[in-house]
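# Coordinate inspection notes
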Amino acid sequence: METSRRDLMGLAIGGLGVVGVLGVLYPIVKTLAPSAASLAGAMMEVDVASIPEGQVRVVSWKGKPVFVVKLPQGFQWTGKAKEDKNAKLLQGQDAYALIAVCTHLGCVPLWKPQGEAEFNYPVFHCPCHGGFYSPWGDNIAGPPPRPLHVPPQKRDGSKLVIGEPGFVKELT
Ligand code: FES
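Let me sum up the structure you'll find in this document. Since we're looking at a predicted model, the values are computed, not measured.

## Overview of the overall build of the chain
Counting its secondary structure elements, the chain contains three helices and 10 strands. Order of helices (α) and strands (β) in the chain, N terminus to C terminus: α-α-β-β-β-α-β-β-β-β-β-β-β. The buried share among the 172 residues of the chain stands at 34%. Taking the contacts inside the chain whose residues are at least 6 apart along the sequence as the reference set, 51% of them involve residues at least 24 apart. Total accessible area on the chain stands at roughly 10,100 Å², and carbon and sulfur atoms take up 61% of it.

So this is what it looks like as structure tokens:
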């Protein structure tokens, strides 16, 4: 009898301890969570009418560099990607955004509208270890294991809204 009462006391004190620890941790974790102000930066509008055809503008979205690509009218690409994952999402769009971080070791690739090395058509070239990507960010050669990530995005007239689901719903 005496023993079980002591057990109960122990459980009760233990329980209070857990509640106390949670009470201390909760405000700390809450402080670390993104504030409303930083979440507000989760959506960004880029006026694609101001980007010349065939050029790429680099913007910063959620602390990451992002390419906003504006293709020339009737753009045809003659290269071959290892897979067409991004092309399937983005073909038919004259402007779109790609996360500008190489999927190999994180360098920022360069836009080469005239081509580079053995590729005589527009490509992104990562100078760090010689990775190549198609204009849609599909990996075509070198060490990059995957296409460039594609953020959620939608088109609103001449504006591309990055961070808002539209013709790309999720970050790929
Ligand atoms: S970081 Fe881009 S090829 Fe290595």
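Text resumes after the structure shown.
## A closer look at the nonpolar core
Counting 25 residues, the largest nonpolar core has Leu98 and Ile140 as the members making the most contacts within it. Where this core is concerned, the elements lending two or more residues are strand E3 (64–70), helix H3 (85–90), strand E4 (95–99), strand E6 (123–126), strand E7 (131–133) and strand E8 (139–141). Apart from residues no more than four positions distant in its own chain, isoleucine 140 is found in contact with Trp77, Lys80, Ala81, Lys82, Phe119, Val123, Phe132, Tyr133 and Ser134. One finds Val59, Val66, Ile99 and Ile162 within the second-largest nonpolar core, a separate group that totals 12 residues.

## Re the environment of tyrosine 121
Looking at where tyrosine 121 falls in the secondary structure, it is placed in the loop between strand E5 (110–112) and E6. Assessed through its relative accessible area of 14%, tyrosine 121 is described here as buried. The spacing of tyrosine 121 and serine 134 is 13 residues in sequence and 9.1 Å in space, taken between C-alpha atoms. The contact partners of tyrosine 121, leaving out residues within four places of it in the chain, are Trp77, Thr78, Gly79, Lys80, Lys112, Gln114 and Gly115.

## Looking at the side chain of asparagine 86
Relative to the helices and strands, asparagine 86 is located in helix H3. When its relative accessible area of 0% is taken as the criterion, asparagine 86 is described as buried. The residues touching asparagine 86, leaving out its near neighbours within four places in the chain, are Leu98, Trp136, Gly137, Asp138, Pro147, Leu148, Val150 and Thr172.

## Let's talk about the state of the cysteines
The final tally for this structure, using the stated rule, is one disulfide. Shown here is the disulfide that connects cysteine 107 with cysteine 128, its sulfur atoms set 1.9 Å apart. In this structure, the disulfide formed by cysteine 107 and cysteine 128 twists by about -95° around the S-S bond and is classed as left-handed. Linking cysteine 107 in the loop between E4 and E5 with cysteine 128 in the loop between E6 and E7, this pair joins segments that are 21 residues apart in sequence. Of the residues examined, cysteine 128 reaches a relative accessible area of 38% and is grouped as partly exposed.

## Some remarks on the pairing of E3
Across the seven residues that make up E3, a large majority, five, are buried. Here six bridges tie strand E2 (residues 56–61) to E3, and the two strands are oriented antiparallel to one another. What sits directly across from tryptophan 61, in E3, is lysine 64. The hairpin formed by E2 and E3 contains two residues between the paired strands, and lysine 62 there has a positive phi angle of roughly 50°. Summarising the sheet, E3 and E4 pair through five bridges and their orientation is antiparallel. Note on E4: the bridge partner recorded for valine 69 is tyrosine 96.

## Considering the pattern of salt bridges
This model, assessed by the stated rule, comprises two salt bridges. For arginine 155, the salt bridge goes to aspartate 94, with nearest N and O atoms at 2.7 Å. Taken together, the positions of arginine 155 in strand E9 (residues 153–156) and aspartate 94 in the loop between H3 and E4 put the pair 61 residues apart, joining distant regions of the chain. Judged by relative accessible area, arginine 155 falls into the partly exposed class, the value being 30%. Classification of aspartate 94 by relative accessible area gives partly exposed; the value is 34%. The shortest N-O distance in the salt bridge between lysine 154 and glutamate 164 comes to 3.8 Å. With lysine 154 in strand E9 and glutamate 164 in the segment after strand E10 (159–162), the pair connects residues that are 10 residues apart, well separated along the chain. Overall, the relative accessible area of 28% leaves lysine 154 in the partly exposed class.

Reading guide: rules and limits
Residues numbered from 1 in each chain as written. Predicted model: local features only at pLDDT ≥ 70, side-chain atom pairs only at ≥ 80, totals over all residues. Heavy atoms only, no water. Helix = DSSP H or I, 4+ residues; strand = E, 2+ residues; numbered from the N terminus. Buried < 20%, exposed > 50% of the residue type's maximum accessible area, 1.4 Å probe, protein only. Contact = heavy atoms within 4.5 Å. Areas by Shrake-Rupley, 256 points an atom, 1.4 Å probe, with all protein chains shown as cover. Core = buried A, V, L, I, M, F, W, Y, C linked by side-chain atoms within 4.5 Å. Disulfide = S-S within 2.5 Å. Pairing = 2+ DSSP bridges. Salt bridge = Lys/Arg side-chain N within 4 Å of Asp/Glu carboxyl O.

Read these as geometric descriptors, not functional statements.
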